[in-house]
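Here's the letter readout for the chains.
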Amino acid sequence: MFDIRRISTSRWWHKKKNWILFVVFLFLVFVRISKGSLYKDLYYFISKPFWPGQFQKEVIRKSLDQESLVKIKLLEKDNRRLREILYLRESTNGEKISAAVISRKTGSWWRQIILNKGSKDGVEIGSSVIGPGGLLGRVNSTSLFTSSVTLLTSPESKVGVLVDRIQIHGLLVGSGDDYPNLILYSEDADIKVGDFVSSSPASTLLPPNIPIGIVQSVGKPFKAKKTAKILLLAKPHVIDWVQILKEKI
Amino acid sequence: MNKFFMKNLSIICFIFIPIIFLWHPNWLGFLGIQPYWPLFWLLPWSMLHGSNNGLIFGLFLGIILDSLTLDSNFTQIPGLVLCGVWFGRFKTHSNILVGHFRYGLICSFGSFICGSLYFLQILFKHFPDSTFLIVMPSFQNIIAEVFLTGFFAPLICSQIFRLFRFSREKSLIKIFSKK
């Protein structure tokens, strides 16, 4: 009988190149699990010289004054309602963190912005982000120096809102374009073009009474639901400075 | 330093793709939509190194880009892997002008594949209540992305291809001269 033996073997683990590829793959899996925080921090340092300047801050301050007037009116109304009902929770005056937008994706498949404040500055996942005009979105992930915000226009975004005139709660769902959909679970809701929409006092995700937008068009009732397109007051594609609300709901 | 840079030019460019993806320059866009940047790197790389390398680096690119976007339900990996394998089967064209426009055509089609696969995932997820409201912006995304990718590809891909080939030839010459 002949004894057939293999003189030399060539297995994949004998090649150095394969090990390098394996290590690179493991590193990329780490990047994926950490939600790209390494890349976002690298981008933070690269984009630092190009951050928006002080002039923008002044423009924003003016817009914020206008926004505050609208907010005060809303709060007064809410207070009156609270006295009657004595059920709604208080809206707190939490701390705000000012942050610059260092990356924005307001078109295409992904609707997100990246801010230059991260977990180092006390930003937490789930915090609300507001810009001149009103609510922009919520913080979805943070790295040491940056935080990523899911915009209200993203299909991933779903927040509870209140139609101020008719006092009906609804759900604001991003549809991938600039006008998110408002879904009212009532066929008879008397919603009209021009109605003002703000964050719902019943929402567990957002602070109450943050201005969001205005009804732009109303759709036909479908399956006991009524839908409307909302024109957002805060424009994420032009805003360079935003504020992150630190308050806990 | 210069030698190191020349030798690893393609890998250095690879590291910078996510940075450009995050940068998202508005002035280069159309309807708020950008060209699909990873294809500009993947096409020259796969053409030079073949389908297997295209597949591996398509996967790597997909993993990195998925980590930068917040939509955890959808992935760009299938489109990029498919493009990596497909691009690896192309050979360079002798006619420079035809070669240039071929880059545009290939990248446009690649972008269409990636966009369509992403859109199919969205449709699949929202299948029970997929509405016309989701479909329309998606079509707009795909068409604008295909147009922009095809428009910039002849300019960017041909330059990247030349750089990669130059750095590869240099490293090959060095290996042979050592032997």
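Residues numbered from 1 in each chain as written. Chains lettered and ligands numbered in written order. Predicted model: local features only at pLDDT ≥ 70, side-chain atom pairs only at ≥ 80, totals over all residues.

**With respect to the overall build of chain B**
- When helices and strands are tallied, chain B shows six helices and zero strands.
- For chain B, the N- to C-terminal ordering of α and β elements is α-α-α-α-α-α.
- Buried residues in chain B amount to 39% of all 179 residues.
- In chain B, the share of contacts with a sequence separation of at least 24, taken over all contacts with a separation of at least 6, comes to 76%. (Helix = DSSP H or I, 4+ residues; strand = E, 2+ residues; numbered from the N terminus. Buried ≥ 20, exposed ≤ 12 C-beta atoms within 10 Å, placed from the backbone. Contact = placed C-beta atoms within 7 Å.)

**A short note on the UniProt feature "transmembrane region" (unreviewed entry) in chain B**
Residue and element names in this part refer to chain B.
- Sequence positions flagged by UniProt for "transmembrane region" (unreviewed entry) are, in local numbering, residues 12-37, 100-122 and 142-164.
- Here residues 12-37 runs as 46% helix and 0% strand, with 15 Å between its end C-alpha atoms.
- Across residues 100-122, helical content stands at 100% and strand content at 0%; the span's end C-alpha atoms are separated by 33 Å. (UniProt positions renumbered as here; feature names shortened; annotations may be inferred.)

**Points about the domain arrangement of chain A**
Residues and elements named next belong to chain A.
- Split by domain assignment, chain A resolves into domain 1 (2-49) and domain 2 (95-249).
- Listed per partner, the contact involves seven residues of domain 1 and nine residues of domain 2.
- Per-class residue counts for the side of domain 1 that touches domain 2 are two nonpolar, two polar and three charged. (Domains from an automatic or database assignment. Nonpolar A, V, L, I, M, F, W, Y, C, P; charged D, E, K, R; others polar.)

**Concerning the pairing of strand S10 (residues 211-218) of chain A**
All names here are of chain A.
- Examined bridge by bridge, strand S9 (residues 196-199) and S10 share three bridges and lie antiparallel to one another. The partner of Phe196 across the bridge, within S10, is Ile214.
- Where S10 and strand S11 (residues 226-232) come together, five bridges link them in antiparallel fashion. Bridge pairing in S11 links Val218 to Ala228. (Pairing = 2+ DSSP bridges.)

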